[in-house]
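What follows is each chain in one-letter form.
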Amino acid sequence: MPKHMTETRQIYLDNAATTRVDARVASVVSECMLESYGNPSSAHCAGIEAERRVRTATSQLAKAIGDPDGSFGRILWTSGGTESDAMGVLGAGRTKKKARKVVVSAIEHPAVKQSAAMLSEMGWEFVELAVGARGVATVEAVHEAVDADTGVMAIMLVNNEIATIAPIAELATAARELSPEIHVHCDAVQALGKIEVNVAELGADSVAFAAHKLHGPKGVGALWLKNGARIRPFWAGGGQQGGLRSGTDNVPGIAGMGAAAELACEDLSARQAAHQAFAATIITACKEAGLRFQVNAETATRAPHVLSLAFDACPAEPLLHVLESRGVLVSAGSACAEKSRKPSPVLTAIGVPKTHGTLRISFGRDTTAEDITTASEILIDAVRSFQS
Ligand SMILES: Cc1ncc(COP(=O)(O)O)c(C=O)c1O
C-alpha cells in the first residue's frame, strides 16, 4: 500500500474518476501476462492461446452488454473510453460523404465533444443539444437540433458528473426519423456495471466502454459497433480487428476487461441497492445537520454510483482539500471558474448557481456503510466551517 494511504485511513469516494482494480481481475491480468504472452496473430500454440484469451474476453463483454452471441454487432478492443468515443464520433463522421452536421448533448464528456470539434475543423456544423435543468436530453431538443444534413449524433447513457440517464432509444428513433442515415453514438463508459446495459435495445450504432470504471485495468476499452454501422480507422497497420483497429491486441488488458465486465454484472443489483442507501445516508445526514445544499439533477433518473451535491457559499476546490486532509477523497466542480479550475459545462448546462460548490461523491465495490458514516461526519464539519 502506498505510504500516504497508511498515514490517515483513506476513504476513496471518487470511483467515477477511476476504480481500484479488483483482486480477481488483477490475477487474471497477471496470469495472462506471465502465461498467455503470445501474439494472437501468431500461428503457433502460444498465439492460439492468446487468441483464446481475447475470444473469452469478447464473449464475457458481449454477454455483459446484452449481445451474448454477437448477433447484433461486434466488439472492437481499444485503449479506453476516449479512443472508443473518438471512433464512434470522428471515425463514423469520416465515412459520411454528404452529411455535414454533428449534434452532441451539452453534457457530453470531452472525449465526445472534442471529437465533434474535430469534425467541425473539417467543415461540419457543430450543434449542442440542450439538456435543461434536469440534465437529460429530450426528443424535443433532438427535433430542434437534428435535420437531414446531420451525419452523427452523440448522447451519453450515464453522465459522469451528475449520473443522469438518457433515454437513448427514444432519442435515436427521433433522430432517425429526421435523418435516416445518421450514426448515433452512445458513451456508456459510466453505465456499464452501474445500470443494465443492453446494446440490442439501446438503438445506438456504436457504444463506448472503458475497463477502469468497473474495477478493471486502465488503458483498455471497447467499442461495440452495430452490424452495418461504419467507421473509418484512424491508422493503418497489420490489419488486426478487421482492419478497423490495427496493432497487436493488449491481451492482458482485454482479458482483465472481460473479467471485470463479468464480475460487474454478477453483483450489479446488490451494489445498486447499497449505493442508493449510501446516497440516502449522506443526504439525510446533511439535511439533519442543517447544511444549505441541493442534490444536482434531483428529479432526473440517475445511476446510483454518483451523488452530486451543490453546497451554498462553499468553494468546491478548498472544500475538496479540507476533506482530503481528513482522508476523504472526492471530486469537485462548480458552475463558476475558480482559481485552478474552469467552470464545469455540465453544472453550467443544468443551471447550478454560481455561488454553489459541487462535490461529486462516487461509490465503488469497496465502499462500505462505515466509510459513509465517517465520511458524512467529516463532510458536515467541513461544510459547516464554510457556511457558518
Ligand atoms: C463518460 C466518460 N466518457 C469517456 C471517458 C474517457 O475514458 P478513458 O479515461 O478510459 O479514456 C470517461 C472517463 O473519465 C468518462 O467518464
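So, here's what we can say about the structure. Please read these numbers as outputs of a predicted model, since none were measured by experiment. (Residues numbered from 1 in each chain as written. Predicted model: local features only at pLDDT ≥ 70, side-chain atom pairs only at ≥ 80, totals over all residues.)

1. Here's the deal with the overall build of the protein chain
In terms of regular secondary structure, the protein chain is built from 13 helices and 13 strands. Relative to a compact globule of 388 residues, whose C-alpha radius of gyration would be 21 Å, the protein chain shows 21 Å and is just as compact. Along the first, second and third principal axes, the C-alpha atoms of the protein chain reach 65 × 50 × 35 Å. The buried share among the 388 residues of the protein chain stands at 50%. Restricting to contacts in the protein chain with at least 6 residues of sequence separation, those with at least 24 account for 74%. (Helix = DSSP H or I, 4+ residues; strand = E, 2+ residues; numbered from the N terminus. Rg over C-alpha atoms; globule rule 2.2 N^0.38 Å. Buried ≥ 20, exposed ≤ 12 C-beta atoms within 10 Å, placed from the backbone. Contact = placed C-beta atoms within 7 Å.)

2. Some remarks on the sheet that holds strand 13 (residues 356–362)
Strand order across the open sheet formed by four strands is 9-10-13-12, with antiparallel pairing between neighbours. Both edges of this open sheet fall to strand 9 (293–295) and strand 12 (331–334), since each of them pairs with a single strand only. Pairwise comparison of adjacent strand axes, ignoring direction, gives a mean angle of 25 degrees for this sheet. In this sheet, strand 13 lies alongside strand 10 (residues 306–312) in antiparallel orientation, the contact comprising seven bridges. Bridge assignment links A310 to a residue of strand 13, and that residue is T358. (Pairing = 2+ DSSP bridges. Axes fitted to C-alpha atoms, helices over the stretch in contact; angles between N-to-C directions.)

3. Some points on the site of the ligand
The environment of the ligand is made up of 14 residues, and the closest members are G80, G81, T82, N160 and A210. Ranked by the residues each element gives to the shell around the ligand, the list is headed by helix 4 (residues 81–93), at three residues. Classifying every residue of the shell around the ligand by side-chain character gives four nonpolar, eight polar and two charged. (Near = placed C-beta within 6 Å. Nonpolar A, V, L, I, M, F, W, Y, C, P; charged D, E, K, R; others polar.)

4. Structural notes on the nonpolar core
Ranked by size, the top nonpolar core spans 121 residues in total, and within it C186, A188 and L192 carry the most contacts. When residues of this core are assigned to their parent elements, the largest contribution, nine residues, is made by helix 9 (residues 251–266). Counting the residues that make up this core, at least three belong to each of domain 1 (23–266) and domain 2 (267–387). Once you skip the residues sitting within four places of it in the chain, C186 turns out to touch I155, M156, L157, I168, L202, A204 and V207. (Core = buried A, V, L, I, M, F, W, Y, C linked by C-beta atoms within 7 Å. Domains from an automatic or database assignment.)

5. A closer look at the packing of helix 2 (residues 23–35) against helix 9
A packed helix pair is summarised by two numbers, namely the angle formed by the two axes and the spacing between the axes. Close contact between helix 2 and helix 9 brings their axes to 8 Å; oriented N to C, the two are set at 155 degrees. Between helix 2 and helix 9, the angle falls in the class roughly antiparallel. Considering how the two elements wind past one another, helix 2 and helix 9 form a crossing that is right-handed. Residues R24, V25, V28, V29, C32 and M33 of helix 2 touch helix 9, and the partners they reach there are V251, P252, A255, G256, A259, A260 and L263. (Parallel < 35°, antiparallel > 145°, perpendicular 65-115°, else oblique. Left-handed = near helix turned anticlockwise from the far one by under 90°.)

6. Focus: helix 10 (residues 268–288)
The end-to-end C-alpha distance of helix 10 is 30 Å, a good match for the 30 Å that 21 residues give at a rise of 1.5 Å each. Of the residues making up helix 10, those classed as buried are H275, F278, A279 and I282. For helix 10, the buried positions fall inside an angular range of 95 degrees around the axis, keeping them on one side. In helix 10, those exposed residues whose orientation departs by more than 90 degrees from the buried face are S269, A270, A273, A280, T284, K287 and E288. (Expected span 1.5 Å × (residues − 1). Arc of directions from axis to C-beta.)

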